[in-house]
Every structure is written in C-alpha cells, then in structure tokens.
Amino acid sequence: MDSGRRELPKPPRRIPAGVLTPLTSIETPPRLPEVTTQPPLPPKFRPRFVVPLIVFVLVLGAGAGWLIREDSLTLDTAEVLRKSGPSVVKILATTCEGTGIASGVLLDNGLVLTASSAIKQPMSVALVTSTGDVRRANVLGSSADGVAVLRMIGQLPNPTAQLASKEPPRGADRAVVAYIANGLLSVLSLGSAKDPAPLTSVLNATKLGGPALDRSGRVVGLITGDTVPKATIVPLAKLRQYAGTGQPGITPEPGGTCVRSRGPSAAIVPELTVANTPLAAEVQTLIGTYMTTTNRHDFVGLRALYSARLAKSLTLAEDTEHHQTTYLFGPRIIEVTQVGETVNARVNYSVLFSPNSVGALGQSCNRLDNRYQLVREKGRLLVDRAVAVRAPQPCD
C-alpha cells in the first residue's frame, strides 16, 4: 500500500469481436474458397420433338423430288417447235402409187426420214423447208414398218435433228411437229407412251412422216402408215438402225415406170407478194386454178382456162404429153401489171417431173420464173401464154 509498493502489470486491452486488425508482413491472408465454372449441361434429348422434324424433312424432300421428276416428264410444245421446226421438212413427190406428200425430218449427212406411203414407186422427190428452200432427194429405200430413207441432194443452212440417245421414260410427254394441209408447221402433244393420245386425233395425211420428239426436241420416234387410221409410231431403236451405216432393214424402193405419175392433188393457193388489189386477187385465183388443174391432170378442164388463141395452138394431146408427169408447187406472184387489155403476172414456182419427160434433160426438179400473159375474153381473165423471165434453175 505504501508508495514503495510495486504496481502490478496491466492486463492487455481486449479487441472487440469483428474488428479487423491490419496484417503484418509475415501474416498471410485467409484462403478464400475456390470458385470454378462448370460447362452447361447439354439439353435433355427429347425424341418427341426430333421425330416430327425428321418426318417433315423427308416429306419435303420427297415432294421436291416429285416436282423435279414431274417437270422432267412434261414439255412445252412451243419450245419444242422452236427447237425442232427448222429440221422438219415437207416431202413432195410424183409417184405411181404413193400419196406424194408427207412430213419428214432432216438428219446429219443429208439423210431424211419420212413415211414410205408418200414415195411408193417414185419418179421425182423433193423436200421443202419451212423457209421455202427446195432440194431434190434420192430414195435410198424403205422398211417393212413404213419408214423411207432419202438422201438430200445439195446443201442447206438449216440445223439438223438429233436422234435421242435413249428412249424417254414411259411417262414422259412427247410431241409431233409436222405440216398441215395449208403448208404450215404445227405442233401437237402425243401424250406419253404410258398414256398416249389417239393418233387419229392429232394427224392428217400430211403429218405422216413427222417425228415424235421429246422435251428437248430430239427425235424419239417417227409416225408412219399408209393412212391416218393405220398410223403408228416407229420407235427410236428402229430409227437408229435405219439411219446407221448401211441402213440395215432398209430395202431399195422400186422406181416408178408408169406413164402418168401423180403428185398431191390438193388445191394450190399462190402467195401474193404484191398489193392485194381486185386485179391481183383475180390473178391469184386464175393462177391457183390453173396449177391445181394441171396437178390433177385434168387436161380437158385446163383448156377452159386458155384463151382462144392458146387453145387453138396447143392440142389436148400435146398438153397431156408435156404435163402428165409434172407437179407444180410453191408459187409466189411477185408482179401484176396491166397494159390495155393484157395483164402480166410474174410467178416464181417449183416443178417436179420425170427425168425422161419431154424437155427434162435428165433433171427432175426445177425452179421457174415465168411471166404469164393474161387476156380478158367475155369478161373472164384467161391464160394466153407463158414466157420465161430467166432459164430454169435446178432445185439442188
């Protein structure tokens, strides 16, 4: 208790809980718990959603495939005509037994396939293109199923047709490009081999020999037959055989030996390239009747179209001898003038005739450029004479 008494040491001061003290250099911070990032778990597989998706994709794919197949089986007739029209030709002939007219198709190397019904026992044969070019043709022969193979004489700028590499599918559409009676090209659907259109519904006599074509304009058949009711389509395999080297299956067609060979007998209507005046229309009627009557070998009727002077100077026997093997076609009236009572009509046209006919000189097809002098008697315009403007030109 006295001042000499020693003080006891003071106890250390308590630090309140929760109060942090600064760290010294030898202390380490407390270790924090380690945080790691785990990748997200994949979504749970749910078959009930995937199966409908697979079915949808399969149905869509099947539908697209059907559309592609359907499109490959159809054709555009206008497009087929555009592609193949220049290679389709009209066949004209003077014959002893044939019809003298058909369609045909021009292939490479000047080969032409047509219907043999048009050229049986031929005397002279020519082909005419859609642009009016005329070329003579030789007959190489014909087949038992009615295909005739011709060889064109000369050259043409026209593109040629191609035989298809294989038969089209049975459900694929086909078309026929051929000539109708007025001389124009036409195109009609033939349906498919699986569902064909009746040939009698799409044909006339001039369409025999026309090619059956696929959607690309390639030849897949040829229409043949003696008549439209007997028409059939000769398949591609046969055509490839007939157009091949040596033409197996093709036998020579006997040439005509008849005295009077005939061409087609349809009415001739000249093309009028001058102004269609009343006089030009009258000239067109007279020249058309004159050529039609000549082609039908109605030489008695022909004399009714002659002036009195011409009828007196040209006997019926002479007319018959000069024209009994001729066929006139493709007339174009390019000039009509009148001087007093005389009318002059300049006409370009082609003529087929027998190589041994009077004045033929071994030819069988010529292109003529004549000026007809016409006179009026008792109000009727009649033929008085014909004068060549230039010498006849061979068709080839």
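Counting starts from 1 at the beginning of each chain's written sequence and moves along it residue by residue. Two thresholds apply to this predicted model, a pLDDT of at least 70 for residue-level local features and 80 or more for giving and counting side-chain atom pairs, whereas whole-chain, interface and lining totals are computed over all residues. Values reported for side chains reflect all heavy atoms of the structure, with hydrogen atoms and water molecules removed beforehand.

Draft legend 1. Representation of the overall build of the chain within the structure. Numbering of helices and strands starts at the N terminus; helices are DSSP runs of H or I of at least 4 residues and strands are runs of E of at least 2. Within the chain, the regular secondary structure consists of seven helices and 16 strands. Buried means the residue's accessible area, taken with a 1.4 Å probe over protein chains only, is under 20% of the maximum for its type, while exposed means over 50%, and partly exposed covers the values in between. The buried share among the 396 residues of the chain stands at 41%. Across the chain, the fraction of contacts at a sequence separation of at least 24, relative to all contacts at a separation of at least 6, is 60%. Whether two residues touch is decided by their heavy atoms; if any such pair falls within 4.5 Å, the residues are in contact.

Draft legend 2. The arrangement of the pairing of strand S7 (residues 174-179) in detail. Buried residues dominate S7, accounting for six of its six residues. Side-chain alternation along S7 places Arg174, Val176 and Ala178 on one buried face and Ala175, Val177 and Tyr179 on a second face that is also buried. By the bridge criterion, six bridges tie S7 to strand S8 (residues 185-191) in an arrangement that is antiparallel. Paired with Tyr179 across the two strands is Leu185, which belongs to S8. Paired strands are those between which DSSP finds at least two bridges. Hairpin geometry of S7 and S8 is characterised by an intervening segment of five residues between the two adjacent antiparallel strands and by a positive phi of about 90° at Gly183.

Draft legend 3. How the structure looks around the state of the cysteines. Defined by distance alone, a disulfide is two cysteine sulfur atoms within 2.5 Å. Following the criterion strictly, the structure yields two disulfides and no others. Here the disulfide map of the chain reads 1-2, 3-4, the bonded cysteines being numbered as they appear in the sequence.

Draft legend 4. Summary view of the sheet that holds strand S6 (residues 147-152). Spatially, S1-S2-S3-S6-S5-S4 is the arrangement adopted by the six strands of the closed barrel, whose pairing is antiparallel. Across the sheet, the mean angle separating the axes of adjacent strands is 40° when strand polarity is ignored. In the sheet, strand S3 (residues 111-115) pairs with S6 via five bridges, with the strands oriented antiparallel. Within S6, the position partnered with Leu111 by the bridge is Arg151. Lines are fitted to the C-alpha atoms to define the axes, a helix being fitted only along its stretch in contact, and any angle between axes, read from their N-to-C directions, falls within 0 to 180 degrees.

Draft legend 5. Focus on the side chain of Thr293. Note on placement: Thr293 falls in helix H4 (residues 278-295). Given the relative accessible area of 12%, Thr293 is considered buried. Contacts of Thr293, omitting those with residues within four sequence positions, involve Asp298, Gly301, Leu302 and Leu305.

Draft legend 6. Structural context of the packing of aromatic side chains. For this analysis, a ring pair means two rings from Phe, Tyr or Trp (six-membered ring only for Trp) whose centres lie within 6.5 Å, classed as stacked if their planes differ by under 30 degrees, edge-to-face if by over 60, and tilted for the remaining angles. Tallying each qualifying case throughout the model produces two aromatic pairs. Summarising the aromatic geometry, the rings of Tyr290 and Tyr372 are spaced 5.8 Å apart at their centres and angled 65° between planes, so their arrangement reads as edge-to-face. Here Tyr290 is found in helix H4, whereas its partner Tyr372 is found in strand S15 (residues 365-377), with 82 residues between them in sequence. Judged by its relative accessible area of 3%, Tyr372 is buried. Considering the side-chain rings of Tyr327 and Phe329, the 5.7 Å spacing of their centres and the 15° angle between planes classify their relative orientation as stacked. Phe329 shares its class with Tyr327; the two are buried.

Draft legend 7. Representation of the environment of Thr320. Along the chain, the position of Thr320 falls in helix H7 (residues 316-323). For Thr320, a relative accessible area of 17% corresponds to the buried category.

Draft legend 8. The arrangement of the confidence of the model for the chain in detail. A score from 0 to 100, pLDDT tells how confident the predictor is in each residue. Overall, the predicted model of the chain reaches an average pLDDT of 86, with 81% of residues at or above 70. Here residues 1-6 is modelled with pLDDT under 50, and outside its nearest four sequence neighbours on either side it reaches zero contacts, counting other chains as well. Below a pLDDT of 50 lies the segment residues 64-71, which in the model reaches one contact outside its immediate sequence neighbourhood of four places, other chains included.

Draft legend 9. Highlighting the nonpolar core. One finds Val283, Tyr290, Met291, Tyr372 and Leu374 to be the most contacted residues of the largest nonpolar core, which totals 36 residues. Secondary-structure elements contributing two or more residues to this core are strand S4 (122-128), H4, helix H5 (299-303), strand S13 (327-339), strand S14 (342-352), S15 and strand S16 (380-394). Filtering out sequence-adjacent residues up to four positions away, Leu374 remains in contact with Val283, Leu286, Glu341, Thr342, Val343, Ala345, Leu381, Leu382, Val383 and Asp384. The definition of a nonpolar core used throughout is a set of buried Ala, Val, Leu, Ile, Met, Phe, Trp, Tyr and Cys residues joined through side-chain atoms within 4.5 Å. Within the second largest apolar cluster, 21 residues are counted, among which are Val80, Leu111, Tyr179 and Val219.

Draft legend 10. Spotlight on H4. Expected helix span is computed as 1.5 Å times (number of residues minus one). Here H4 is 18 residues long and its end C-alpha atoms lie 26 Å apart, about the 26 Å a rise of 1.5 Å per residue gives. Following H4 by one or two positions, His297 has its phi on the positive side, about 55°.

Draft legend 11. Representation of the pattern of salt bridges. Salt bridges are counted wherever a side-chain nitrogen of Lys or Arg sits within 4 Å of a carboxyl oxygen of Asp or Glu. The final tally for this structure, using the stated rule, is 11 salt bridges. Salt-bridge contacts for Arg332 lead to Glu271; the nearest nitrogen and oxygen are separated by 3.4 Å. One end of the pair, Arg332, is in strand S13; the other, Glu271, is in strand S12 (residues 271-272), and 61 residues separate them in sequence. Judged by its relative accessible area of 31%, Arg332 falls in the partly exposed class. Salt-bridge contacts for Arg390 lead to Asp369; the nearest nitrogen and oxygen are separated by 3.6 Å. Placement of Arg390 in strand S16 and of Asp369 in strand S15 is noted, with a sequence separation of 21 residues between them. The class for Asp369 is buried, based on a relative accessible area of 3%. One continuous salt-bridge network, built from bridges that share partners, spans Glu79, Arg82 and Lys83.

Draft legend 12. Structural detail: the side chain of Thr294. Along the chain, Thr294 falls in helix H4. Overall, Thr294 belongs to the buried group, its relative accessible area being 1%.

Draft legend 13. The sheet that holds S15, seen in detail. One open sheet accounts for five strands, arranged S12-S13-S14-S15-S16; its pairing is mixed. Bordering the open sheet on either side are S12 and S16, each of which pairs with just one other strand. Sheet topology note: the S13/S14 ladder contains 10 bridges and is antiparallel. Paired with Glu335 across the strands is Arg346, a residue of S14. In the packing of H4 onto the sheet, the strands contacted are S12, S13, S14, S15 and S16, and the crossing angle to S13 comes to about 150°.

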